[in-house]
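Architecture and fold: a report
Below are the chains, spelled out letter by letter.
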Amino acid sequence: MNAILCSMTTRYPELINCLTDIELGFQLLNHSFNQGNKLLLCGNGGSAADCEHVVGELMKGFVSKRPLSTSISDRFEREFPGEGVHLADRLQGALPAISLVSHSALISAYANDVDPEMVFAQQVYGYGRSGDVLIAFSTSGNSTNILRALQVAKVQGLKTIGFTGDSGGKLKSLCDVTICVPSEKTLDIQERHLPIYHALCLMLEEAFFPQ
């Protein structure tokens, strides 16, 4: 077993039954990023905060500083002599991830002018390209705005990973990979989602930015 997942299940032994799906989720993300694609994320309430959290771990250094390569640093210095090194030293390797919960003007306009259950679906339609991945958080597995986003993702050719609770809800039938944590209460489900996406982020950092 991967050392990161081993550590996770040591601290959260109830997640051992999720390991196969976590590993499948990692494979989807690893392949997508290797192909130059991006990650989209959506969720409501506390799960919206989880979307922001994941983006924060992927778009900058998590446990690694992810320094730029010498060749890229040299390009900055050639373009901006005397400043390029300063720029390059303050940039870090990134895996492209967009939280769809952050765009308050678009979300409020679409909810008011069109349909509130389609706010994430519209963003998936606008941003999503075949080969991208959508991570959808729904503790019940039945949040309508999340299900709509997954339906659009399927048509657009995105791969999908669902984070949900024990039953999986309707979300389970729409996702390529569904990670169902063994809990039924919202707060317990969200508490167990965090170590899983932390593990995924650590595994991706290890794969793309080895020490």
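Heads up: these notes are all about the structure in this document. As the structure is a computational prediction, the values presented were derived from the model and not from experiment. (Residues numbered from 1 in each chain as written. Predicted model: local features only at pLDDT ≥ 70, side-chain atom pairs only at ≥ 80, totals over all residues. Heavy atoms only, no water.)

The full count for this structure, using the stated rule, is 3 aromatic pairs. Their ring planes at 90° and their centres at 6.1 Å tell us that phenylalanine 33 and phenylalanine 208 sit as a pair that is edge-to-face. Taken together, the residues phenylalanine 33 in helix α2 (residues 19-34) and phenylalanine 208 in helix α9 (residues 186-208) connect sequence positions 175 residues apart. Residue classification places phenylalanine 33 among the buried positions, given a relative accessible area of 8%. Taken together, the ring pairs connect Phe137, Phe163 and Tyr197 into an aromatic cluster. (Phe/Tyr/Trp six-rings, centres within 6.5 Å; stacked < 30°, edge-to-face > 60°. Helix = DSSP H or I, 4+ residues; strand = E, 2+ residues; numbered from the N terminus. Buried < 20%, exposed > 50% of the residue type's maximum accessible area, 1.4 Å probe, protein only.)

Enumeration according to the criterion identifies 1 cavity of 30 Å³ or more in this entry. Approximately 50 Å³ is the volume found for the largest cavity. Forming the walls of the largest cavity are Leu29, Leu39, Val54, Leu58, Ile135, Tyr197, Leu200, Cys201 and Leu204. At the level of secondary structure, the elements contributing two or more residues to the lining of the largest cavity comprise α3 (46-58) and α9. The element that contributes the greatest number of residues to the lining of the largest cavity is α9, accounting for 4 residues. A class-by-class count of the residues in the lining of the largest cavity yields 9 nonpolar, no polar and no charged. (1 Å grid on protein atoms, 1.4 Å probe; cavity = no way out; pocket = protein on both sides within 12 Å on 5 of 7 lines; lining within 4 Å. Points joined across faces, edges and corners; volume = space filled by probe spheres on them. Nonpolar A, V, L, I, M, F, W, Y, C, P; charged D, E, K, R; others polar.)

Okay, the sheet that holds strand β5 (residues 177-180) next. Across the sheet, which stays open at both edges, the 5 strands sit in the order β2-β1-β3-β4-β5 with parallel pairing between neighbours. Among the strands making up the open sheet, the edge pair consists of β2 (97-99) and β5. Neighbour to neighbour, the strand axes of the sheet diverge by 15° on average, direction disregarded. Note that strand β1 (residues 39-42) and β2 share 3 bridges and pair parallel. Its bridge partner being in β2, leucine 41 is matched across the sheet by serine 99. (Pairing = 2+ DSSP bridges. Axes fitted to C-alpha atoms, helices over the stretch in contact; angles between N-to-C directions.)

Turning next to the pattern of salt bridges. Under the definition given, this model contains 5 salt bridges. As a salt-bridge pair, lysine 38 and aspartate 132 come within 2.7 Å of each other at their nearest N and O atoms. With lysine 38 in the loop between α2 and β1 and aspartate 132 in the loop between α7 (119-127) and β3 (133-137), this pair connects stretches of sequence that are 94 residues apart. The pair formed by lysine 38 and aspartate 132 is uniform in burial state, with each residue classed as buried. (Salt bridge = Lys/Arg side-chain N within 4 Å of Asp/Glu carboxyl O.)

With that settled, the discussion passes to the packing of α2 against α9. Each pair of packed helices gets described by two things: the angle between the helix axes and the distance between those axes. Remark: α2 packs on α9, axes separated minimally by 10 Å, with the N-to-C direction vectors making an angle of 40°. Considered as vectors, α2 and α9 are oriented oblique to each other. By crossing handedness, the relation of α2 to α9 is classed as right-handed. Facing Ile22, Gly25, Phe26, Leu29, Asn30, Phe33 and Asn34 of α2, the residues of α9 in contact are Ile196, Leu200, Met203, Leu204, Ala207 and Phe208. Taken together, the residues that form the contact of α2 with α9 break down as 10 nonpolar, 3 polar and no charged. (Parallel < 35°, antiparallel > 145°, perpendicular 65-115°, else oblique. Left-handed = near helix turned anticlockwise from the far one by under 90°. Contact = heavy atoms within 4.5 Å.)

Counting buried residues in strand β4 (residues 159-164) gives 5 out of 6 residues, a clear majority hidden from the surface. Note: β3 against β4, 5 bridges, orientation parallel. Bridge pairing in β4 links phenylalanine 137 to phenylalanine 163. You can see the chain leave β3, run along helix α8 (residues 144-156) and come back into β4, and the turn it takes is right-handed. (Right-handed = clockwise from strand over helix to strand, strands pointing away.)

Take the pairing of β5 next. Burial of the side chains of β5 extends over both faces: Val177 and Ile179 are buried on one face and Thr178 and Cys180 on the other. Where β4 meets β5, 4 bridges bridge the pair, whose relative direction is parallel. Across the sheet, residue phenylalanine 163 finds its bridge partner in β5, namely isoleucine 179.

With that settled, consider the side chain of serine 138. Here serine 138 shows up in the loop between β3 and α8. Residue serine 138 is classed as buried on the basis of its relative accessible area, which comes to 2%. Ignoring any residue separated from it by four or fewer positions in sequence, one finds serine 138 in contact with Ser143, Ile146, Phe163, Thr164, Gly165 and Leu171.

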